[in-house]
Amino acid sequence: MSLSIGLVAHDRRKPEMADWLEQHIAAFTDYKIYATGTTGRVLQERFPKLDIVALKSGPFGGDQQLGSMIAHGQLQAMFFFTDPMTPQPHDVDVRALIRLANMYEVPIACNRSTADLLISNPRFQEICEQYRGHSPEQIFSEYTSRKV
């Protein structure tokens, strides 16, 4: 089964994301790519042969669409080049997306060096598949079984 990968970049990091993807394009030819709106359009224009689905723009729900895909086991890895120097009007959505990736054991890289490490790992696909369908409800059972 092919992996579904999320690609997201804040505005100032979109060119870096596109340059990074060009360096690693061979690794992405067999993956389905989901990207938030503007990132998706930038990548579609530059890489028309890749299977890229552009979702809504991040502030208009794209981050939440990716989060829903994570919660439903439909996204196996994410590369999210964040801009730590620019305030984001949808910062709560960004934090929620990263939180879901952590809860569901979805590998996530938030900068170029970590993205390089992740995609170059010879076990990348195996690791992503290993956690497909991971259920945080089991790990956090004390939360789900708490008395309210």
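Residues numbered from 1 in each chain as written. Predicted model: local features only at pLDDT ≥ 70, side-chain atom pairs only at ≥ 80, totals over all residues. Heavy atoms only, no water.

**Student:** Would you mind going over the packing of helix α1 (residues 14-23) against helix α6 (residues 112-120) in detail, with residue names and values included?
**Tutor:** Interaxial distance between α1 and α6 falls to 11 Å at its minimum, and their mutual angle equals 25°. Here α1 is positioned roughly parallel relative to α6, judged by the angle of their axes. For the element pair α1 and α6, the recorded crossing hand is right-handed. The residues of α6 that touch α1, namely those facing E16, D19, W20 and Q23, are R112, A115, D116 and I119. Tallied by class, the residues present in the contact of α1 with α6 amount to 3 nonpolar, 1 polar and 4 charged. (Axes fitted to C-alpha atoms, helices over the stretch in contact; angles between N-to-C directions. Helix = DSSP H or I, 4+ residues; strand = E, 2+ residues; numbered from the N terminus. Parallel < 35°, antiparallel > 145°, perpendicular 65-115°, else oblique. Left-handed = near helix turned anticlockwise from the far one by under 90°. Contact = heavy atoms within 4.5 Å. Nonpolar A, V, L, I, M, F, W, Y, C, P; charged D, E, K, R; others polar.)

**Student:** Outline the UniProt feature "binding site: substrate" (unreviewed entry) in the chain, listing residues and values.
**Tutor:** With numbering aligned to this structure, UniProt lists the feature "binding site: substrate" (unreviewed entry) at H10, K14, T36, G37, T38, T39, S57, G58 and H90. Looking only at the residues we just named, the largest pocket is lined by H10, K14, T36, T38, T39, S57, G58 and H90. Residue position: T39 is located in helix α3 (residues 37-46). Classification of T39 as buried rests on a relative accessible area of 2%. In contact with T39, not counting residues within four places along its chain, are L7, V8, A9, K14 and M17. At 2.9 Å, the side chain of T39 forms a polar contact with the side chain of K14. Mapped onto the elements, G58 comes out in the loop between β3 (52-54) and α4 (62-71). When its relative accessible area of 8% is taken as the criterion, G58 is described as buried. (UniProt positions renumbered as here; feature names shortened; annotations may be inferred. 1 Å grid on protein atoms, 1.4 Å probe; cavity = no way out; pocket = protein on both sides within 12 Å on 5 of 7 lines; lining within 4 Å. Buried < 20%, exposed > 50% of the residue type's maximum accessible area, 1.4 Å probe, protein only. Polar contact = N/O pair within 3.5 Å; in protein donor to acceptor, adjacent residues only side chain to side chain.)

**Student:** Any chance you could break down the layout of surface pockets for me, citing the residues and the numbers?
**Tutor:** The space that makes up the largest pocket amounts to roughly 210 Å³. Around the largest pocket, the lining is made up of 18 residues, and of these D11, K14, P59, Q88 and H90 lie nearest the centre. At the level of elements, β1 (4-9) and α3 are the ones that each hand at least two residues to the lining of the largest pocket. Split by residue class, the lining of the largest pocket holds 4 nonpolar, 9 polar and 5 charged. (Points joined across faces, edges and corners; volume = space filled by probe spheres on them.)

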